[in-house]
Amino acid sequence: MLVVKGGLEVDSYISCSLINMYVKCGEIQRAQTIFESLPTRVAENWNPLIIGYAHCQKGDLGIKLFKRMQQEGIKPSRVTFLCVLKACSDLGSLDEGRLTHASLIENGFEFSTFVENALIDMYVKCSSLDDAHNMFARSSKSDVGSFNALIGGYAQDGDLQPAFFLFMDMQENRVHYDHITFVSILKACSINGNLLCGQHVHSRAVEFEFESDEHVINSLLHMYMSCGCIEDARVLFERMQNQNVVIWTTLVSGLAQNGRVPDAFEVVNEMKKQGIQLNEITYISILKGCSAISAPEIGRSAHADLIEGGYNGSLCLGNALIDMYSKCGSLEDATALFLGMPSRDIVTWTTLIAAYSLHGCGQEAFSLFDQMQKEGFLPNPVTFATLLKSSAHRGVLHEGRHIHACIVENGLESDAYVGNSLVDMYFQCCCSDDAVDTFNKMGQRDIISWNTLISGYFQNGECFQALQCYWQMQAEGSVEPDSITFMCALKSCVGIADFKQGICIHAKIISSSHPSDGSVGSMLIELYAKFGHLEDACRVFSSLPERNVVTWNVLMKGFADAGECNQALELFSLMQEDGVMPDVATLLCAIKSCSTVGALQHGQMLHMQCTLWGLDIHLSIKNSFISMYSSVGRMDEAQAVFDKSCVQDGVGWTTLITGYAQQHRCLEALRCYESMLEHGQQPDQVTLVCTLTACSRGGLRNEGFRHFKSMRDELGIQPTIEHYNPLIDLLTHGGALHEAEDLLESLPFEKNMVGWMSLLGACRNLSNQGIARRCFDNVVKIDPSNASAYVIMSNFYTQLGQLEEAKNIEELRKVANAWKIPAKAFIEIDGQVHEFIVGDRRHPKRDAIDAKLNHLNAQMKREGYRPRVDLVPAFSVDENQEKALCGHAEKLAIALGLLTSSSESTLRVTKNLRMCDDCHAVTKFISKIETRNIVVKDAYCVHLFQKGLCSCEI
C-alpha cells in the first residue's frame, strides 16, 4: 500500500520485487495486474511472471508471455530462458523446447553450464533422450547436474545400460557424485531388477561415504527388495542408525511386493511398538500386498488398525480398501465401504467399477458408470479403460461401442491409454478392422499401442497381419520394439511356419537391448526347435545369462516334440543339477518322454519324485502317469494310479480306456466306459473315439455300432471323421471290405486319410487287390507324400509276385518325394535308454547283437520260421533281403535286451512306427525260444508277447 501511495510501483526494481513477491505467495493474478500496469518493462519484469506461471502449472501461459516479450522487442536474459525451459519441461512440450533451444543459440547463451543443464533436463522431461544425450555430448563442461539429469532420464525410461555407463563415466571424468546420482542409478537398477549393478552402486556409495544418507539408503533398500533379496534388505535395514517412517515404509512396501504380506504386517506391528507414527503410504503398501496375494484376514486387520487410528476418512486409504476387498473376493465389503465413505472422487468410483468388472458383474459396472456421471463425476482414462476391459472379457461388442462413443464425447480419443484399451477391446471382440481403424486414428502411438495391435492379430490367428504390423513399426522407426513385441512377432512366425522371418527378427533382437531377455530367449528356443534346428536352439539356450524353469521347459519340449526324448530326459537331469526346481509343465514333458521311449524305470523314478515334491496332487500329472504306465504294458499300475486319485475326471477315464484298448483288453475297456457312466462322468467326443477304437480292436461289431448309435441318440454328440474310422476298422476285421469302402465313399468328409489307410492295410491282409488299389489312389490324391501308402502297396504287389507293379509304385514314391520316416526303437536297461535306427551300426555292442540275431535266426528256422522277404522293398538276392530284415530297429533292441538283462525280466521296447509282419512273427518266436515276456509298443498298439503268442491276436 505504501509503495502505491508513494508512486513507487513503476520503479523497475520495486515492480520486479512486487511481482516476485506475489508470485511466491501464489497470487499470480495480482502479479499479472502489476505487470500489465507498468508503462515500460524490462527483462527483469517478465522473468518472475514466466517462472510464476511455470510453478502454478500454467506453463502454456508462461510460454505465451515469452513470445509476447520477443514480439515487443525485449531481449530475453539467461534467466528468462531458464524460466521458459522450466515451463517447457513441466508441460512436456518438446516442440516449444526445441524452439526455445534455437532462440538460445541465436542469442548466444547455449554454452553456459546452467543453460546446458536446463536443456538436458528439458529434453529428458520431454521424453527425448536422444536429444538430451546429444546435448550432453556437446556440453562444454559436464558437471554433476548434467550427469544426474541424463542418468535420471534413462532411469525413468528403465534403460539401465546407458545410465550405468554414465555413472561409471562420472568417476573417470572426476565428477563427484551426489545423493541424486545414487538415487537415480539405483532407481534404474530397481526397475530392471539388476542385482549385480545394484551391488556395484552400493559399494560405490560406501566408498564415497553416502551409505548414511537417508535418500541413498532408502534407494538401496528399495533396490534389494526389487531384486527379491529380502535378507540383504533386512541386513541393510538393521544397520541403519536413523530408521525413520520413510525407511520403515520402504521395508513394509518391499515385503508386501515380494508376497511376504504377513511379514510386512509384523513390521507394521513393530513400528507401532516402537512408537513410530505410521502414515498412509505404509498402510497403502500393506493393502496393495493383500490385494496381490489375496490375503483378506491381514487386510481386515489393517482396516481395523486404520479405524482405531482415525484414518477412516482418508480418500486414498478408502480407495485402497475397496480395491483390497474386491481382489480378496469380498465384493459385498467393497460396496459397503464405498457406500459408507463421506466423500468420493473419480478414483473411488473407478475402483468400485473395476471391482464389479473383476467379479463378472458387467451390467452392475455399467450402472455404476451411469450413476457416477449423474452425480457430476467426469470419467477419466482409467475409468474408460476399466469398462472396455469388462466388455472385452465378456465379448460384449455393443457395450464396447457405447463406451467408444462416450470417449469421443469426452474428448479422450487421443489419449494413448484409452486408445490402446479400445484397440484391445475390438480385437477381443474379434473386430480386427475396427481395432486397426482405431489404431490408425490414434494421434500418439507408443510401444504399448504397437504391441496391442501385433498381439491382437496374433491372438485372433492372423499371424501374417501381425508380422506385417511388426515390419511397419520397424519401417516407421518412431518406437523401438521391446521384449513383448519380439515375442509376439516370433510366435507369429511359428504360427505361419515362416522360419526366414524368424531369423530376421532374431538378428534385430541381437542388435537391440533385449538379446539376453529370458522370455525372448525362450521364444527363440521354441522357434528353432519347431523348425528342427535343435543345435541352434541349444546355442540360444547357452547364450542366456540366466536360465529359469520356463527356459528349460521350452528346450525340453523342443527335443521331445522332435522325437529326441532321450535327450529331453537328459535335460531334465541337467536342469536339476543346475539347481532349477521342475514345475508341472516340466514333469508333464518328462513323463511324456518316458512314454515315448518306454522308459519305465525313469518313469517310476519320476513318480517317486513327484510324490516327494508334492506335485502328484495335480490331476494332469496323475493322468500322465496313467498314460505312461499304459504305454509300457503296466495296466495294473495305471489302474492303481487312477484308483488312488481323489478326483477322476473325463481325461483320466479316457486315458484308462485307451490303455486297455491299446493292449487289446477290449472288454475291460468297455467295462471302464460303463463304470465312467455309472459314476456320472459325461463322456466327450474323445472318450467315444477311444471306446469305439476298443470295439474295433476286439472285433466287437455289435457293441461298436451300439455305442455309435448311443453317441448320437442318447448323448447328443455329433459323429466326426474320428468316430467313423473305428467303424471302418470294425468292418474290415470282419472281412466286409466292400461294405467298408461303401461307407468311406458315403461319408461327408473329403479327406479321410486314416480311413482309406486302414482299409488299404486290411486289403493287403485279405489279398483284395482291386479295393487296395482304389484305396491307394485315394490316399495319394489326399497326400501324395504319404510314404506309408507306397510301402504298403509296393509290398502287396511283391507279395502277389507282381514285381513290375511294385517297381512302378516305388518310382511313383520317388517322384512324389515321399520318404519314409526312419524306424526307431528304444529299450531301457538299468535306467539307460538305448536307441536304434533301422540298419544302425553305431551301438558299441552291435557285433554281439548281430551274433545273437544270427543264432536266433537259425533256431527260429528250425521251429518253422520263414523270413518275409516280400516285405523288403529292394529287389535283390534272398540272402541280402534276409540281412535287411535282421537290421530292423526293434529286433536290434530285443537282441540287446536279451544280451544285457536278467533272464527273468520283461523286455520293453518302444517303436515310433508300426511293427512289420516279419518283426511281429520273429518276436513271437523269440518269446517262445527264450521264454521271455516281451512288450512292444508301436504306433498301433501295445503288444504283449508270451510263449509264442501275441495279445493282439488272442
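Residues numbered from 1 in each chain as written. Predicted model: local features only at pLDDT ≥ 70, side-chain atom pairs only at ≥ 80, totals over all residues. Heavy atoms only, no water.

Going by what an unreviewed UniProt entry lists, the protein chain is known as DYW domain-containing protein and is assigned to Ceratopteris richardii.

Some remarks on the overall build of the protein chain
Helix and strand counts for the protein chain stand at 53 helices and 6 strands. Expected size for 954 residues packed as a compact globule is a radius of gyration near 30 Å; at 38 Å, the protein chain overshoots this value by more than 25%. Principal axes of the C-alpha set define a box for the protein chain whose edges measure 135 × 60 × 55 Å. A burial count over the protein chain gives 51% of its 954 residues as buried. (Helix = DSSP H or I, 4+ residues; strand = E, 2+ residues; numbered from the N terminus. Rg over C-alpha atoms; globule rule 2.2 N^0.38 Å. Buried < 20%, exposed > 50% of the residue type's maximum accessible area, 1.4 Å probe, protein only.)

Structural notes on the pairing of strand β3 (residues 907-911)
Within β3, 5 of the 5 residues are buried, which leaves the element mostly enclosed by the surrounding structure. Taking every second residue as pointing to the same face, both faces of β3 are buried, with Leu907, Val909 and Lys911 on one and Arg908 and Thr910 on the other. In this sheet, β3 lies alongside strand β1 (residues 824-829) in antiparallel orientation, the contact comprising 3 bridges. Paired with Ile827 across the bridge in β3 is Val909. Where β3 lies against strand β4 (residues 934-937), 4 bridges are found, and the strand directions are parallel. Along β4, the bridge assignment pairs Leu907 with Ile934. For the segment spanning β3, helix α53 (residues 917-929) and β4, crossover handedness is right-handed. (Pairing = 2+ DSSP bridges. Right-handed = clockwise from strand over helix to strand, strands pointing away.)

A short note on the nonpolar core
The nonpolar side chains of a soluble globular protein tend to be buried, and buried together. Residues Ile286, Ile505, Phe625 and Leu759 are the most contacted members of the largest nonpolar core, which totals 258 residues. Setting aside residues up to four positions removed in sequence, Ile505 forms contacts with Leu467, Tyr470, Trp471, Phe486, Ala489, Leu490 and Cys493. Residues Phe836, Ile894, Ala895 and Val909 belong to the second largest nonpolar core, which totals 28 residues. (Core = buried A, V, L, I, M, F, W, Y, C linked by side-chain atoms within 4.5 Å. Contact = heavy atoms within 4.5 Å.)

Describing the packing of aromatic side chains
What the rule picks out here adds up to 24 aromatic pairs. With a centroid separation of 4.8 Å and 75 degrees between ring planes, the pair formed by Tyr470 and Trp471 is classed as edge-to-face. When its relative accessible area of 0% is taken as the criterion, Tyr470 is described as buried. Here the basic side chain of Arg547 rests over the ring of Phe541, its NZ or CZ set 4.9 Å away from the ring centre. (Phe/Tyr/Trp six-rings, centres within 6.5 Å; stacked < 30°, edge-to-face > 60°. Lys NZ or Arg CZ within 6 Å of the ring centre and 35° of its normal.)

Section: the environment of Arg68
Structurally, the position occupied by Arg68 is in helix α5 (residues 59-71). With relative accessibility at 25%, the residue Arg68 sits in the partly exposed group. Distance from Arg68 to Trp46, taken between C-alpha atoms, is 10.0 Å for residues 22 residues apart in sequence.

Focus on the sheet that holds strand β6 (residues 949-950)
Spatial strand order, β2-β1-β3-β4-β5-β6: 6 strands in an open sheet with mixed pairing. Both outer strands of the open sheet, β2 (832-837) and β6, are each paired with one neighbouring strand and no more.

Overview of the UniProt feature "repeat: PPR" (unreviewed entry) in the protein chain
UniProt's entry tags residues 42-76, 143-177, 213-243, 244-278, 345-379, 446-480, 548-582 and 649-683 with the feature "repeat: PPR" (unreviewed entry), counted in the numbering of this structure. Helix makes up 74% of residues 345-379 and strand 0%, and the two end C-alpha atoms of the span are 10 Å apart. For residues 649-683, the helix share is 74%, the strand share is 0%, and the end-to-end C-alpha distance is 10 Å. (UniProt positions renumbered as here; feature names shortened; annotations may be inferred.)

Brief notes about the pattern of salt bridges
Counted according to the given criterion, the structure contains 35 salt bridges. The partner of Asp847 in a salt bridge is Arg841, with the nearest N and O atoms 3.4 Å apart. The class of Asp847 is exposed, set by a relative accessible area of 59%. Here the residues in one salt-bridge network are Arg841, Arg846, Asp847 and Asp850, joined through shared partners. (Salt bridge = Lys/Arg side-chain N within 4 Å of Asp/Glu carboxyl O.)

Overview of the environment of Ser127
Along the chain, the position of Ser127 falls in the loop between α8 (113-125) and α9 (129-138). For Ser127, a relative accessible area of 66% translates into the label exposed. On a C-alpha basis, the gap between Ser127 and Asp157 in space is 8.4 Å, while along the polypeptide they are 30 residues apart.

Section: the packing of helix α42 (residues 685-697) against helix α43 (residues 701-713)
The interhelical angle for the contact between α42 and α43, taken along N-to-C directions, is 160 degrees, at an axis separation of 8 Å. Considering their axes alone, α42 and α43 lie roughly antiparallel with respect to each other. Every pair of crossing elements has a handedness; the one defined by α42 and α43 is left-handed. Of the residues in α43, those touching α42 at Leu688, Thr691, Leu692 and Cys695 are Glu703, Gly704, His707, Phe708 and Met711. Residue composition of the contact of α42 with α43, grouped by class: 5 nonpolar, 3 polar and 1 charged. (Axes fitted to C-alpha atoms, helices over the stretch in contact; angles between N-to-C directions. Parallel < 35°, antiparallel > 145°, perpendicular 65-115°, else oblique. Left-handed = near helix turned anticlockwise from the far one by under 90°. Nonpolar A, V, L, I, M, F, W, Y, C, P; charged D, E, K, R; others polar.)

As for the environment of Ala661
Along the chain, Ala661 falls in helix α40 (residues 650-662). Taking the C-alpha atoms as reference points, Ala661 and Cys695, 34 residues apart in sequence, are found 8.2 Å from one another. When near neighbours in sequence (up to four residues on either side) are disregarded, Ala661 contacts Ala669, Ala694 and Arg697.

As for the pairing of β1
Burial of β1 is extensive: 6 of the 6 residues sit out of reach of the surface. Neither face of β1 is exposed, since Lys824, Phe826 and Glu828 on one face and Ala825, Ile827 and Ile829 on the opposite face are all buried. By the bridge criterion, 6 bridges tie β1 to β2 in an arrangement that is antiparallel. The residue bridging Ile827 from the neighbouring strand is His834, located in β2.

As for the side chain of Ser184
Within the element layout of this structure, Ser184 appears in helix α12 (residues 179-192). Classification of Ser184 as buried rests on a relative accessible area of 12%. Setting aside residues no more than four positions away along its own chain, Ser184 makes contact with Asn148, Ile151, Gly152 and Ala155.

Re the side chain of Thr923
Following the sequence through the fold, Thr923 ends up in helix α53. According to the relative accessible area criterion, Thr923 is buried, its value standing at 1%. Discounting residues that sit within four places of it in the chain, Thr923 has contacts with Ile894, Met915, Ile934, Val936 and Phe945.

Notes on unusual backbone geometry
Negative phi is the rule for most residues except glycine; trans is the rule for most peptide bonds. One non-glycine residue, Ala497, lies in the positive phi region at around 55 degrees. Relative to the helices and strands, Ala497 is located in the loop between α30 (483-495) and α31 (499-511). Classification of Ala497 as exposed rests on a relative accessible area of 55%. Of note in this structure, Thr931 is not a glycine but carries a positive phi near 50 degrees.

Some words on the packing of helix α23 (residues 362-374) against helix α24 (residues 381-394)
At a closest axis distance of 10 Å, the pairing of α23 and α24 adopts a crossing angle of 155 degrees. If you check the angle between α23 and α24, you find them roughly antiparallel. Where α23 crosses over α24, the handedness of that crossing is left-handed. Note on element contacts: α24 touches α23 through Thr383, Phe384, Leu387, Ser390, Ser391 and Arg394, opposite Gly362, Ala365, Phe366, Phe369 and Met372. Taken together, the residues of the contact of α23 with α24 break down into 6 nonpolar, 4 polar and 1 charged.

Details of helix α48 (residues 787-799)
With 13 residues, α48 ought to run about 18 Å at 1.5 Å a step, and its terminal C-alpha atoms sit 18 Å apart, in line with that. Of all 13 residues in α48, 10 are buried; the element is thus mostly enclosed. If you check which residues of α48 are buried, you get Ala787, Ala789, Tyr790, Ile792, Met793, Ser794, Asn795, Phe796, Tyr797 and Thr798. Where α48 is buried, its residues meet α46 (753-765), α47 (769-782) and α49 (803-815). For α48, the N-terminal capping position is held by Asn786, with its side-chain oxygen 3.1 Å away from the main-chain nitrogen of Ser788. Taken from the residues just after α48, Gly801 is the one with a positive phi, measuring 85 degrees. (Expected span 1.5 Å × (residues − 1). Polar contact = N/O pair within 3.5 Å; in protein donor to acceptor, adjacent residues only side chain to side chain.)

So, the confidence of the model for the protein chain
The share of residues in the protein chain with pLDDT of 70 or more is 94%, and the mean pLDDT across the chain is 87. Contacts for the low-pLDDT stretch residues 1-10, under 50 throughout, to residues beyond four places or in other chains number 11 contacts. Of the regions scoring below 50 in pLDDT, residues 874-878 engages in 7 contacts with residues more than four places distant in sequence or in other chains. (pLDDT = per-residue confidence, 0-100.)

Description of α47
Side chains three or four residues apart in an α-helix point the same way, a direct result of the helix having 3.6 residues per turn. The end-to-end C-alpha distance of α47 is 20 Å, a good match for the 20 Å that 14 residues give at a rise of 1.5 Å each. Those residues of α47 lying buried are Ile771, Ala772, Cys775, Phe776, Val779 and Val780. Each buried residue of α47 sits inside an arc of 165 degrees when the element is viewed along its axis, so together they form one side. The elements touched by buried residues of α47 are α45 (737-746), α46, α48 and α49. (Arc of directions from axis to C-beta.)

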